[in-house]
Amino acid sequence: LVTVTATDADEGMNGHVKYSFQKISDRESELFHVDPETGEISLKGELDFEEITSHELEVQARDGGELFDTAEVSITVTDVNDNVPEISVRSALSAISEDVPLGTVVALLHVQDRDSGANGEVRCSLNGGLPFRLRSSQRSYYSVVTSRELDREAVSEYNVTVRAADGGSPALWSSAVLSLRVLDVNDNAPVFSEERYSARLAENNAAGALVLTVRATDADWGQNARVRYRVLEGRVRGAPLSSYVSVQAETGALYALRSFDYEEVRELALWVRAEDGGAPALSSNVSVRLVIVDENDNAPQVLYPPAAAQPAKGLGAGAGALAVWSGVELSPRWAAPGSLASVSLTRWLVVAVAAVSCLFVAFLLLLLALRVRRWRRSQLLAASSGALRGVPATHFVGIDGVRAFLHSYSHEVSLTADSRKGQLRLSGGSCCDTLPARPPPDEPAPLLGEDPDS
């Protein structure tokens, strides 16, 4: 490190100088050594700027005549970047709820570097992509806070790495890892695997038969993800729905509690609710449609006449049987034997439709008959007007400018009942004079189709 030199004007032993430390601490005696002959001061140990930045040494030069002199040696230690930043976790959470507000403190850190100057300047950072950030609270204190909303269903645990680097060249750095577990909150309702369920069940099934199984899952964890099922109440034919079907609370299996009859119940529509175990509990519903399938389990039944009906008196066996069976009607499956009134409404509806149809047909026939009658009358009038064309002009006489028949004619018209045939007969011998005879005029005027030139 340094060499001290002392001179002595004496000769011989009196001029021989030896060097030593006069005042020195134990720590410095472990670090420094002085050569007694040359006065060279050297290091025995390693200096640490962070412990002692300077040393004050007193060196003594003594000759053989016990005369001495002292000198002070000052040694200044220069800092080098030999210390990594130190991260100490003063407080930290091991678990945090997923619904904490933004800015919640997760950990409190203290960071320091024993070096000085740029070597002691520390910069801290977190690994990227995490919903956390560092916030400086004091010169060497930092807090880790939440920067985004947490979602346990997406990430249930975080390992947050805090990295501290100094400003030395080359820079030294250190890191600390914070393990953080996200606690679940009941923020997800159960979700059914299907939007709606349907099943077909044959009638006359056994009571307790499995119909179908509904299934719902919950994205939460633990008790919040435990799903239980139940059937929402309703009524079927006046009876509670729970008397028809039930669902197993743990598995979601839907069972038929009774034997179904297609003639009574053809379809069941119900709702199943899935509810989790959170507080408060969340739930969702799904519709279930149960269709009862018909089977050929009913024979035709005679409604009328009743089974106790006897043949009419005075009729033979065959005629009696004919009288009994001439009015047989078959009932629907749900009608009781002999209860004709149960289907009276349907029968009267049929009768009403038939009566209206008959009236309509009768109206059409009447309209057709009227048209035929008018047509026949027009035909008869046309025929009778044609027969008058051959009457001679002398059979007419003029009275005050009006001409009339000189003879009267008799017509016989006959029609058959079905209006398809008719007969017209003119009787020639039945004509008679209606006016007294008078001499014909000199030049009678032509009348009714007579040609003037004839």
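Structural data are supplied above this passage.
What counts, and where the lines are drawn
- Residues numbered from 1 in each chain as written.
- Predicted model: local features only at pLDDT ≥ 70, side-chain atom pairs only at ≥ 80, totals over all residues.
- Heavy atoms only, no water.
- Helix = DSSP H or I, 4+ residues; strand = E, 2+ residues; numbered from the N terminus.
- Buried < 20%, exposed > 50% of the residue type's maximum accessible area, 1.4 Å probe, protein only.
- Areas by Shrake-Rupley, 256 points an atom, 1.4 Å probe, with all protein chains shown as cover.
- Contact = heavy atoms within 4.5 Å.
- Pairing = 2+ DSSP bridges.
- Phe/Tyr/Trp six-rings, centres within 6.5 Å; stacked < 30°, edge-to-face > 60°.
- Lys NZ or Arg CZ within 6 Å of the ring centre and 35° of its normal.
- Core = buried A, V, L, I, M, F, W, Y, C linked by side-chain atoms within 4.5 Å.
- Lys, Arg positive; Asp, Glu negative; His and termini not counted.
- Salt bridge = Lys/Arg side-chain N within 4 Å of Asp/Glu carboxyl O.
- Polar contact = N/O pair within 3.5 Å; in protein donor to acceptor, adjacent residues only side chain to side chain.

**Q** Is there a simple way to explain the overall build of the protein chain in this structure?
**A** The number of helices and strands found in the protein chain is 3 helices and 31 strands. Among the 454 residues that make up the protein chain, the fraction classed as buried is 27%. Only carbon and sulfur atoms are counted for the fraction: they give 54% of the accessible area of the protein chain, which is about 29,600 Å².

**Q** What should I look at first to understand the environment of Ala-253 in this one?
**A** Along the chain, Ala-253 turns up in strand S23 (residues 253-256). It is 9.0 Å that separates the C-alpha atoms of Ala-253 and Tyr-229, two residues lying 24 residues apart in sequence. Residues in contact with Ala-253, not counting those within four places in the same chain, are Leu-210, Leu-212, Thr-213, Ser-246, Val-247 and Gln-248.

**Q** Where do I start with the sheet that holds strand S4 (residues 40-43) in this structure?
**A** In sheet architecture, strand pairing relies on hydrogen bonds along the backbone and comes in two forms, parallel and antiparallel. Judged by pairing direction, the sheet is antiparallel, and its 3 strands sit side by side in the order S1-S4-S3 without closing on themselves. The outermost strands of the open sheet, each flanked by one partner alone, are strand S1 (2-3) and strand S3 (32-34). Where S1 lies against S4, 2 bridges are found, and the strand directions are antiparallel. Bridge pairing in S4 places Thr-3 opposite Glu-40.

**Q** Whenever I open this one, the pairing of strand S25 (residues 283-293) confuses me. Can you help?
**A** On any regular strand, side chains alternate: one points to one face of the sheet, the next to the other face. Where strand S16 (residues 196-202) lies against S25, 7 bridges are found, and the strand directions are parallel. By the bridge assignment, Ala-202 is partnered in S25 with Val-293. Alignment of strand S24 (residues 267-276) against S25, held across 9 bridges, turns out to be antiparallel. Paired with Leu-268 across the strands is Leu-290, a residue of S25.

**Q** When you look at the packing of aromatic side chains in this model, what are you seeing that I'm missing?
**A** Remark: the centre distance and the inter-plane angle together describe each pair of aromatic rings, the angle taken between the planes. The tally for this structure, following the rule as stated, stands at 4 aromatic pairs. With centroids separated by 6.5 Å and ring planes inclined at 75°, the aromatic side chains of Phe-192 and Tyr-197 adopt a geometry described as edge-to-face. One exposure class covers both Phe-192 and Tyr-197, and it is buried. A network of ring pairs unites the aromatic residues Phe-192, Tyr-197 and Tyr-229 as a single cluster. Against the face of Trp-173 rests Arg-163, its NZ or CZ located 4.5 Å from the ring centre. For Arg-258, the ring lying beneath its charged end belongs to Tyr-244, and the centroid distance is 4.0 Å.

**Q** Explanation requested: the nonpolar core in the structure shown.
**A** Side chains that are nonpolar tend, in soluble globular proteins, to be buried together. The biggest cluster of nonpolar side chains holds 30 residues, and the ones touching the most others in it are Tyr-229, Val-245, Phe-260, Leu-268 and Leu-290. Elements supplying a minimum of two residues to this core: S16, strand S17 (210-213), strand S19 (227-231), strand S22 (245-247), S23, S24 and S25. Setting aside its immediate chain neighbours within four residues, Val-245 contacts Leu-254, Tyr-255, Ala-256, Leu-257, Phe-260, Leu-268, Leu-270 and Leu-290. Counting residues in each nonpolar core, the second largest holds 21 residues, with Ile-87, Val-100, Tyr-142 and Leu-150 among its members.

**Q** How should the side chain of Asp-220 be read in this particular structure?
**A** Mapped onto the elements of the fold, Asp-220 is located in the loop between strand S18 (216-217) and S19. As a buried residue without a salt bridge, Asp-220 has its nearest oppositely charged side chain in Arg-152, at a separation of 5.5 Å. Within the structure, Asp-220 has its side chain in polar contact with the backbone nitrogen of Asp-187 (distance 3.5 Å). With near-sequence residues (within four places) excluded, Asp-220 lies in contact with Arg-152, Glu-153, Asp-184, Val-185, Asn-186, Asp-187, Asn-188 and Ala-225.

**Q** What's the story with the pattern of salt bridges in this structure? I'm lost.
**A** Side-chain pairs of opposite charge can arise where the charged atoms are in close proximity. Counted according to the given criterion, the structure contains 5 salt bridges. The residue Arg-152 makes a salt bridge to Asp-184 at a minimum N-O spacing of 3.1 Å. Placement of the pair is Arg-152 in the loop between strand S12 (141-146) and strand S13 (157-166) and Asp-184 in the loop between strand S14 (173-183) and strand S15 (191-192), with a sequence separation of 32 residues. Classification of Asp-184 by relative accessible area gives buried; the value is 17%.

**Q** Explain the side chain of Asp-115 to me, please; I cannot follow it from the model alone.
**A** Relative to the assigned elements, Asp-115 resides in the loop between strand S9 (105-112) and strand S10 (122-126). Here Asp-115 sits buried without a salt bridge, and the closest side chain of opposite charge, Arg-114, lies 7.3 Å off (N-O distance). Reaching out from Asp-115, the side chain makes a polar contact with the side chain of Asn-83 at a distance of 2.8 Å. Residue contacts for Asp-115: discarding those within four places in its chain leaves Glu-50, Asp-79, Val-80, Asn-81, Asp-82, Asn-83, Gly-120 and Asp-166.

**Q** So what exactly am I meant to see when it comes to the environment of Glu-51 here?
**A** The residue Glu-51 is located in the loop between S4 and strand S5 (54-62) in this model. The sequence separation of Glu-51 and Arg-114 amounts to 63 residues, and the corresponding C-alpha distance is 9.5 Å. In contact with Glu-51, not counting residues within four places along its chain, are Arg-27 and Arg-114.

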